[in-house]
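Here's the letter readout for the chains.
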There are 2 protein chains.
Amino acid sequence: MQPRLDLLTLAVPDVAAARRFYVEGLGWRPVFEVPGEIVFLQLGHGLLVGLWGAAELAADMGLPAGAVSPGGGLSLAHNVGSPEEVRRCLDDAVAAGGRLLKPAQPAAFGGYHGYFADPAGIRWEVAHNPGWAVADDGTVTLGPVDG
Amino acid sequence: MQPRLDLLTLAVPDVAAARRFYVEGLGWRPVFEVPGEIVFLQLGHGLLVGLWGAAELAADMGLPAGAVSPGGGLSLAHNVGSPEEVRRCLDDAVAAGGRLLKPAQPAAFGGYHGYFADPAGIRWEVAHNPGWAVADDGTVTLGPVDG
């Protein structure tokens, strides 16, 4: 598993309130959003931050709704090139002392993913998302996933 | 305040255990560390992740030790070029609906900083750190701070 963070997902109690602050308040432009559900902001070279409901993030991790606290609950994502690499990274993490939370499997976004927790309980998603593209200047675009 | 995340600090219960996982387990090389206290990893173009004790992170924010939970407590940092910009960004954040946690002031690392919370309670540090340098290829170096 290479040292790279692609997406930081923050669990918020109210996605609309988070959007008002970052988009309307600070003037940051969403890269992609599903109104009332999730907002993605580009905050670095190839780096997105997602603002998502705590219950939805917990469900995506395969955890009960109360397992992720709003206002701090988070997920760090590491993107790779294939489902095979998702499995290999999860194996690497477990071999390094991590705990498997969600085995590698097809993901709701159309790609393939799994989750592990580091020794502190911090959750990482390892994902293969064929719709995620990073341009030479670091700009991320999220497109439809084929297959 | 520009849309940019420079440092993600994760509150961990045990810095040595976190180091064993990321550095010895996954093989990620620290950019900078103070043994037993804090470890910085480079996880993107110009992006560091810091692994720090929850009590120390809370103290840096000017909050009581129990205010930051290990295993999920976090701080997002935004670097700027001067103390004046620190003050301006904090004003921007408050004007956008954020809550000031720690007013702009000299920081323990030798620079200048302050903290605000977004509407979900997620904490951002706005910092001026003259010892922080980003090379053209995105590599971050942390050097001594003069003055």
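This text follows the structure it describes.
This one's a predicted model, so the numbers in the text were calculated from it and none came from an experiment.

1. Quick notes on the overall build of chain A
Phase 1 of the analysis: Assigned secondary structure in chain A consists of 3 helices and 10 strands.
Phase 2 of the analysis: Listing each helix as α and each strand as β along chain A from the N terminus yields β-α-β-β-β-α-β-α-β-β-β-β-β.
Phase 3 of the analysis: The C-alpha atoms of chain A give 15 Å as radius of gyration, which agrees with the globular expectation for 147 residues (15 Å, within 12%).
Phase 4 of the analysis: Seen along its three principal axes, the alpha-carbon backbone of chain A occupies a region of about 45 × 40 × 25 Å.
Phase 5 of the analysis: Burial status across chain A gives 47% buried among its 147 residues.
Phase 6 of the analysis: Partitioning the intrachain contacts of chain A with sequence separation of at least 6 by distance along the chain shows that 48% fall at a separation of at least 24.

2. Some thoughts on the interface of chain B and chain A
Phase 1 of the analysis: Taken residue by residue, the interface counts 38 residues in chain B and 38 residues in chain A.
Phase 2 of the analysis: Counting only elements with at least two residues in the side of chain B that touches chain A, the list comes to strand E1 (7-12), helix H1 (15-25), strand E3 (38-44) and strand E4 (47-53) of chain B.
Phase 3 of the analysis: When residues of the side of chain B that touches chain A are assigned to their parent elements, the largest contribution, 5 residues, is made by H1(B).
Phase 4 of the analysis: Looking at the side of chain B that touches chain A residue by residue, the classes come out as 22 nonpolar, 12 polar and 4 charged.

3. Section: the environment of Asp92(A)
Phase 1 of the analysis: Examined against the element boundaries, Asp92(A) turns out to sit in helix H3 (residues 83-95).
Phase 2 of the analysis: Through-space distance from the C-alpha of Asp92(A) to that of Met1(A) is 6.6 Å; in sequence the pair is 91 residues apart.
Phase 3 of the analysis: Non-local contacts of Asp92(A), meaning those with residues more than four positions away in its chain, are made with Met1(A) and Leu26(B).

4. Overview of the sheet that holds strand E2 (residues 30-34) of chain A
Residues and elements named next belong to chain A.
Phase 1 of the analysis: If you walk across this open sheet you meet the 8 strands as E2-E3-E4-E1-E5-E8-E7-E6, and the pairing is mixed. If you trace the sheet from one side to the other, it starts and ends with E2 and strand E6 (99-106), each paired once. On average, adjacent strands in this sheet sit at an angle of 20 degrees to one another, irrespective of strand direction.
Phase 2 of the analysis: As judged from the 4 bridges shared by strand E1 (residues 7-12) and strand E5 (residues 74-79), these two strands associate in the antiparallel manner. Bridging from a neighbouring strand, Leu 10 pairs with Leu 74 of E5.
Phase 3 of the analysis: Relative to the sheet, helix H1 (residues 15-25) contacts E1, E2, strand E3 (38-44) and strand E4 (47-53), its axis offset from that of E3 by approximately 35 degrees.

5. Observations regarding helix H3 (residues 83-95) of chain B
Structurally, the α-helix is built with 3.6 residues per turn, so residues lying three or four positions apart point the same way.
Residue and element names in this part refer to chain B.
Phase 1 of the analysis: Taking 1.5 Å of rise per residue, the 13 residues of H3 would be expected to cover 18 Å, and the 18 Å separating its terminal C-alpha atoms lies within 8% of that figure.
Phase 2 of the analysis: Looking at H3, one finds that the buried residues are Val 86, Cys 89, Leu 90 and Ala 93. An end-on view of H3 places all buried positions within 100 degrees of arc, on one side of the element. H3 presents Glu 84 and Ala 95 as exposed residues on the side facing more than 90 degrees away from its buried surface.
Phase 3 of the analysis: Here the buried face of H3 lies against strand E5 (74-79), strand E6 (99-106), strand E7 (112-117) and strand E8 (123-128).
Phase 4 of the analysis: Where H3 ends, the next residue or the one after it, Gly 97, has phi of about 110 degrees, a positive value.

6. Quick word on the sheet that holds E8(B)
Residue and element names in this part refer to chain B.
Phase 1 of the analysis: The 8 strands lie next to each other as E2-E3-E4-E1-E5-E8-E7-E6, forming an open sheet whose pairing is mixed. Both outer strands of the open sheet, strand E2 (30-34) and E6, are each paired with one neighbouring strand and no more. Each adjacent strand pair in this sheet contributes to an overall mean axis angle of 20 degrees, direction not counted.
Phase 2 of the analysis: As paired strands, E6 and E7 are joined by 5 bridges and run antiparallel to one another. Bridge assignment links Pro 106 to a residue of E7, and that residue is Tyr 112.

7. Quick word on the pairing of strand E8 (residues 123-128) of chain A
Residue and element names in this part refer to chain A.
Phase 1 of the analysis: In terms of residue burial, E8 counts as a mostly covered element, since 6 of its 6 residues are buried.
Phase 2 of the analysis: Burial of the side chains of E8 extends over both faces: Arg 123, Glu 125 and Ala 127 are buried on one face and Trp 124, Val 126 and His 128 on the other.
Phase 3 of the analysis: The pairing of E5 with E8 spans 5 bridges and is parallel. Paired with His 78 across the bridge in E8 is Val 126.
Phase 4 of the analysis: Of the pairings in the sheet, the one linking strand E7 (residues 112-117) to E8 comprises 6 bridges and is antiparallel in character. Paired with His 113 across the two strands is Ala 127, which belongs to E8.

Conventions we followed
- Here, residues in each chain are numbered from 1, in the same order as that chain's written sequence.
- By the order in which they are written, chains take letters starting at A while ligands take numbers starting at 1.
- At least 70 in pLDDT is required for a residue's local features to be given in this predicted model, at least 80 for side-chain atom pairs to be given and counted, and no such filter applies to totals for whole chains, interfaces and linings, which use all residues.
- The numbering of helices and of strands both runs from the N terminus, where a helix is a DSSP run of H or I of at least 4 residues and a strand a run of E of at least 2.
- Atoms counted for the radius of gyration: C-alpha only. Globule rule: 2.2 Å times the number of residues to the power 0.38.
- Any residue whose C-beta has 12 or fewer other C-beta atoms within 10 Å is treated as exposed, any with 20 or more as buried, and any in between as partly exposed, C-beta atoms being built from the backbone.
- Think of it this way: build a C-beta for each residue from its backbone, and any pair within 7 Å is a contact.
- Classification used: nonpolar for Ala, Val, Leu, Ile, Met, Phe, Trp, Tyr, Cys and Pro, charged for Asp, Glu, Lys and Arg, polar for all others including Gly.
- Between any two strands, at least two bridges found by DSSP are needed for them to pair.
- Each axis is a line fitted through C-alpha atoms, taken for helices only over the stretch in contact, and angles between the N-to-C directions span 0 to 180 degrees.
- Here the expected length of a helix is defined as 1.5 Å per residue gap, with one fewer gap than residues.
- Working note: the arc is built from the helix axis to C-beta atom directions.

By themselves, these figures tell us nothing about what the structure is for.
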